[in-house]
Amino acid sequence: MQQKKIYTDSGIEIKSVYRKTEIENESPGEFPFTRGIQPDMYRGKLWTMRQYAGFSTAEESNNRYKYLLSQGVTGLSVAFDLPTQIGYDSGHELANGEVGKVGVAIDSLEDMEALFKDIKLEDISTSMTINATGFILLAFYVALAKKQGADLSKISGTIQNDILKEYAARGTYIYPPKPSMRIITDIFEWCNKELPKWNTISISGYHIREAGSTAVQEIAFTISNGKAYVKAALEKGLDINIIGKRLSFFFNAHNNLFEEVAKFRAARKIWAKIMKDFGATDPKAMMLRFHTQTGGSTLTAQQPMNNISRVTVQTLAAVLGGTQSLHTNGFDEAFSLPTENAAGIALRTQQIVAYESGVADTADPLAGSYFVESLTQEIEKAALVLIEKIDLLGGSIAAIESGFMQNEIAHSAFEYQKKIETGEKIIVGLNKFQADEKTALEILKVDDNIRTIQIEKINKLKSKRNSELVNQLLQDLSDKAKTNENLMPTVITAVENYCTLGEISDVLRKVFGEYK
């Protein structure tokens with residue numbers, strides 16, 4: 001009788017049994033880092049436990065951050081609302097209905113001061129999920145650090161700052177690709193001199209996966225985007241051995257445990273070889289360091305408590321795959337931003353895996369598994385085919401402009417949904433094992449008056465700041481944007497004098513135009 005064939009979501013056939021194949025005799029901490037970037041991995045230091053949080057006003061989010069820090073979080077991860085992400089102050093007509101909804105509203109340095117009130121920036125690592133306006137949020141953060149009297153050489157964290165995946169999968173872009181890449185390389189250059197511990201970009205596969213890509217597409221498209229950023233940095237004259245150490249990646253963790261582990265291992269190997277080909281000689285510049293977030297799109301509104309189990313499997317995948325940093329989703333995030341209770345359970349999931357499961361006791365515990373080693377090789381091979389296709393198209397920007405990446409993602413998303421609807425792909429509680437549900441969930445609701453509060457704050461700020469100086473600084477920014485001069489010092493001076501995020505974005509809209 002012919003056996004049924006089983007495939008991963010990336011289309012890789014799974015054999016019924018795996019026997020010994022050629023397994024590379026490689027150690028963790030050694031090129032090409034398939035087995036991890038540290039010789040002892042989590043025995044030396046656990047991954048950074050982050051919780052992605054931010055909603056309503058800066059004051060509300062500050063309270064959540066203090067709660068998370070008191071519960072054992074070792075790094076904060078800031079979510080911004082949509083107006084902040086696309087460069088509009090809360091009072092802009094296009095911000096109506098969105099202020100404070102999917103993240104915190106940050107209009108000025110005053111909001112950043114409130115967001116981190118009583119939190120010393122020198123003592124924490126902060127990740128900011130922000131792209132088109134990433135340079136402005138970084139300027140707010142630096143201005144606040146200076147006000148706190150912090151040593152900038154000790155300030156650590158990451159801005160996502162990955163605009164290419166916005167064009168390909170997510171949509172929160174402002175400017176066309178060329179000026180957007182110019183801003184990103186300005187950040188690279190400035191941080192290289194002034195903020196040496198800051199990760200200047202988190203090249204994101206997370207949103208590519210959320211948009212419907214497969215695991216293979218996730219790493220292939222993300223690594224291709226990484227290549228584009230490295231090329232742009234090299235064209236700016238930056239040293240690959242310095243810039244390589246400040247790049248990080250951001251990946252998704254879905255439910256297929258072994259495919260996800262193999263994906264992370266393959267990504268490290270591919271990136272190390274690419275960086276070596278670019279001319280990197282320092283091993284640290286070849287290491288793929290990454291943050292992971294559990295899969296938001298895998299969470300179901302049906303039987304939401306099942307999401308705790310899903311997040312646990314995904315946490316195991318990230319840790320077994322060697323992540324450096326991890327955010328775990330709340331079980332209620334198919335409905336809204338997580339409540340404090342859901343965020344607490346999500347954090348405890350990480351802590352139980354870290355301290356009770358034993359999976360952190362040795363580096364790369366699944367190494368040598370016939371299945372995992374074979375799957376790592378299969379994923380590497382399939383990803384390299386896609387990367388080569390993108391190279392032949394002229395690189396990531398050309399592949400995005402031609403619609404190649406978007407079409408590939410859309411096709412995968414369609415095929416996946418079709419399998420759910422036919423029952424070929426089982427989602428527990430959604431298309432199988434359904435139940436009459438009576439669970440009443442507490443849902444986090446954001447006050448609709450947040451926009452009014454933010455507008456009042458902006459008006460008050462504008463009435464007391466030096467308007468003449470603000471106008472001069474915005475004109476300076478406009479003038480510098482028309483040259484090749486680095487924009488970061490000018491933006492930092494502008495935010496220190498309370499120019500708003502919307503004002504700075506609008507100045508650059510006039511110079512660079514908007515991407516349509």
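No experiment lies behind these values; they were computed from the predicted model shown.

Cut-off values and rules
Per chain, residues are indexed from 1 in the order of the written sequence. For a predicted model such as this one, the threshold for reporting local features is a pLDDT of at least 70, and the threshold for listing and counting side-chain atom pairs is 80 or more; totals across whole chains, interfaces and linings nevertheless cover every residue. The side-chain quantities take in all heavy atoms of the structure and omit both hydrogens and water. Buried, partly exposed and exposed residues are distinguished by accessible area as a fraction of the type maximum, computed with a 1.4 Å probe on protein chains only: under 20%, between the cut-offs, and over 50%, respectively. Segments assigned H or I by DSSP are reported as helices when at least four residues long, segments assigned E as strands when at least two residues long, and all are numbered from the N terminus. Strands are treated as partners if at least two bridges between them are detected by DSSP. In this analysis an axis means a line fitted to C-alpha atoms, helices contributing only their contacting stretch, and an angle means the value between N-to-C directions, from 0 to 180 degrees. Here the word oblique covers every angle except those under 35 degrees (roughly parallel), over 145 (roughly antiparallel) and from 65 to 115 (roughly perpendicular). The sense of a crossing depends on the near helix, which, turned anticlockwise from the far helix by less than a right angle, makes the crossing left-handed and, turned clockwise, makes it right-handed. Note on definitions: a residue-residue contact is assigned when non-hydrogen atoms from the two residues lie within 4.5 Å. Any residue that is not Ala, Val, Leu, Ile, Met, Phe, Trp, Tyr, Cys, Pro, Asp, Glu, Lys or Arg is counted as polar, Gly included; the first ten are nonpolar and the last four charged. For this document, the term salt bridge refers to a Lys or Arg side-chain nitrogen within 4 Å of an Asp or Glu carboxyl oxygen.

Caption draft 1: How the structure looks around the pairing of strand β10 (residues 290–294). Within β10, five of the five residues are buried, which leaves the element mostly enclosed by the surrounding structure. What you see with β10 is no split at all: F290, T292 and T294 on one side and H291 and Q293 on the other are buried throughout. Pairing analysis gives five bridges linking strand β9 (residues 247–253) to β10, with the strands arranged parallel. By the bridge assignment for β10, F250 is matched with H291. Of the pairings in the sheet, the one linking β10 to strand β11 (residues 325–327) comprises three bridges and is parallel in character. What sits directly across from H291, in β11, is S325.

Caption draft 2: Inspection of the packing of helix α10 (residues 257–278) against helix α12 (residues 306–320) at higher detail. Interaxial distance between α10 and α12 falls to 8 Å at its minimum, and their mutual angle equals 30°. When the axes of α10 and α12 are compared, the pair comes out roughly parallel. For the crossing formed where α10 meets α12, the hand is right-handed. Of α12, the residues touching α10 (which contributes L257, E260, V261 and F264) are V313, L316, A317, A318 and L320. Considered class by class, the residues forming the contact of α10 with α12 number eight nonpolar, no polar and one charged.

Caption draft 3: Looking closely at the pattern of salt bridges. A complete count under the given rule lists 26 salt bridges for this structure. Close ionic contact of R265 with D364 constitutes a salt bridge, the shortest N to O distance being 2.9 Å. With a gap of 99 residues between them, R265 in helix α10 and D364 in the loop between α13 (340–355) and α14 (370–393) connect regions that are remote in the sequence. Of the charged contacts, one joins E373 and R265 as a salt bridge, the two residues approaching to 3.1 Å between their closest N and O atoms. Of this pair, E373 sits in helix α14 while R265 sits in helix α10; the two residues are 108 residues apart in sequence, bridging distant segments of the chain. Note on R265: relative accessible area 1%, which makes it buried.

Caption draft 4: Seen up close, unusual backbone geometry. Omega for the peptide link from F31 to P32 comes to 5°, which places this bond in the cis form. When you line up the elements, P32 lands in the loop between β2 (13–14) and β3 (48–53). The backbone of D118 shows a phi angle near 65°, a positive value even though the residue is not glycine. Along the chain, D118 falls in the loop between α3 (109–115) and β5 (125–129). For D118, a relative accessible area of 66% corresponds to the exposed category. Positive phi, normally seen in glycine, also occurs at F433, with a value near 60°. With respect to the helices and strands, F433 occurs in the loop between α16 (404–422) and α17 (450–464). According to the relative accessible area criterion, F433 is exposed, its value standing at 52%.

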